[in-house]
Amino acid sequence: MSTLWLGHTPSSAALARRSVLAAFDDAGLTGEPALDAALIASELVGNAVRHASPLPSGQLAVSWVLDAEGYQISVTDGGGMSDPDSLTGGVSARQAGARDTAGRGLRIVAELADSWGVATDDDGATTVWARASTPACAAR
């Protein structure tokens, strides 16, 4: 498992995308699966910046793991104003209108991942994760 600590700023989404893409390339996962993973990471970070507080350190944690079946990407933040359990089941993966400038992040994640969910720890930190399988993924 690898973890990247990022600032709670909009530019962190691009950094997460580039970092995941580079790490997956180093692990031998390239092409569309790696691009999908990078997009998932950037969408999860973007949502954390827009809708949640940072961790007490002022940062977000982006973690990923590759195994024989695929990969999982997780973003942990300090929690938000909404109940994180309401995110599961597609409630927040809402349909954005044609003129909406936001509201597509979790729908994109849901389309690219096999599964996704939310976990909250006792300190209020929230982790949103996405798991995807890919036949090209090797355990590393």
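Coordinates for the structure precede this section.
Residues numbered from 1 in each chain as written. Predicted model: local features only at pLDDT ≥ 70, side-chain atom pairs only at ≥ 80, totals over all residues. Heavy atoms only, no water.

### Looking at the overall build of the chain
At step 1: Looking only at helices and strands, one finds three helices and five strands in the chain.
At step 2: For the chain, the sequential pattern of α-helices and β-strands runs β-α-α-β-β-α-β-β.
At step 3: Within the chain, the proportion of its 140 residues that are buried is 44%.
At step 4: Counting only carbon and sulfur atoms, one obtains 52% of the accessible surface of the chain, whose full area is about 7300 Å². (Helix = DSSP H or I, 4+ residues; strand = E, 2+ residues; numbered from the N terminus. Buried < 20%, exposed > 50% of the residue type's maximum accessible area, 1.4 Å probe, protein only. Areas by Shrake-Rupley, 256 points an atom, 1.4 Å probe, with all protein chains shown as cover.)

### Digging into the pattern of salt bridges
Should the charged atoms of two oppositely charged side chains come close, the side chains can pair.
At step 1: Within this structure, the stated rule accounts for one salt bridge.
At step 2: Its salt-bridge partner being Arg-131, residue Asp-67 comes within 2.8 Å of it at the nearest N-O pair. Remark: Arg-131 occurs in strand E5 (residues 126-133) and Asp-67 occurs in strand E2 (residues 59-67); sequence separation between them is 64 residues. (Salt bridge = Lys/Arg side-chain N within 4 Å of Asp/Glu carboxyl O.)

### Examining the sheet that holds strand E3 (residues 70-77)
At step 1: With respect to topology, five strands assemble into an open sheet ordered E1-E2-E3-E5-E4, the strand pairing being antiparallel. Strands with a single pairing partner mark the edges of an open sheet, and in this sheet they are strand E1 (2-7) and strand E4 (115-120). Across the sheet, the mean angle from the axis of one strand to that of its neighbour is 15°, orientation sign disregarded.
At step 2: Bridge count for E2 against E3 is seven bridges, and the pairing is antiparallel. In the sheet register, Val-65 faces E3, and the bridge partner there is Gln-72. (Pairing = 2+ DSSP bridges. Axes fitted to C-alpha atoms, helices over the stretch in contact; angles between N-to-C directions.)

### What about helix H1 (residues 11-26)?
At step 1: Along its 16 residues, H1 runs 23 Å from first to last C-alpha, staying within 8% of the 22 Å computed at 1.5 Å per residue.
At step 2: Against the buried residues of H1 lie E1, helix H2 (31-51), E2 and E3.
At step 3: In the segment just after H1, Gly-28 is the residue with positive phi, at about 90°. (Expected span 1.5 Å × (residues − 1). Contact = heavy atoms within 4.5 Å.)

### Quick word on the environment of Val-109
At step 1: With respect to the element layout, Val-109 can be found in helix H3 (residues 105-112).
At step 2: Measuring from C-alpha to C-alpha, the distance between Val-109 and Trp-129 comes to 9.4 Å, with 20 residues separating the pair along the chain.
At step 3: Beyond its immediate chain neighbours, meaning those up to four positions away, Val-109 contacts Ile-40, Glu-43, Leu-44, Trp-116 and Ala-130.

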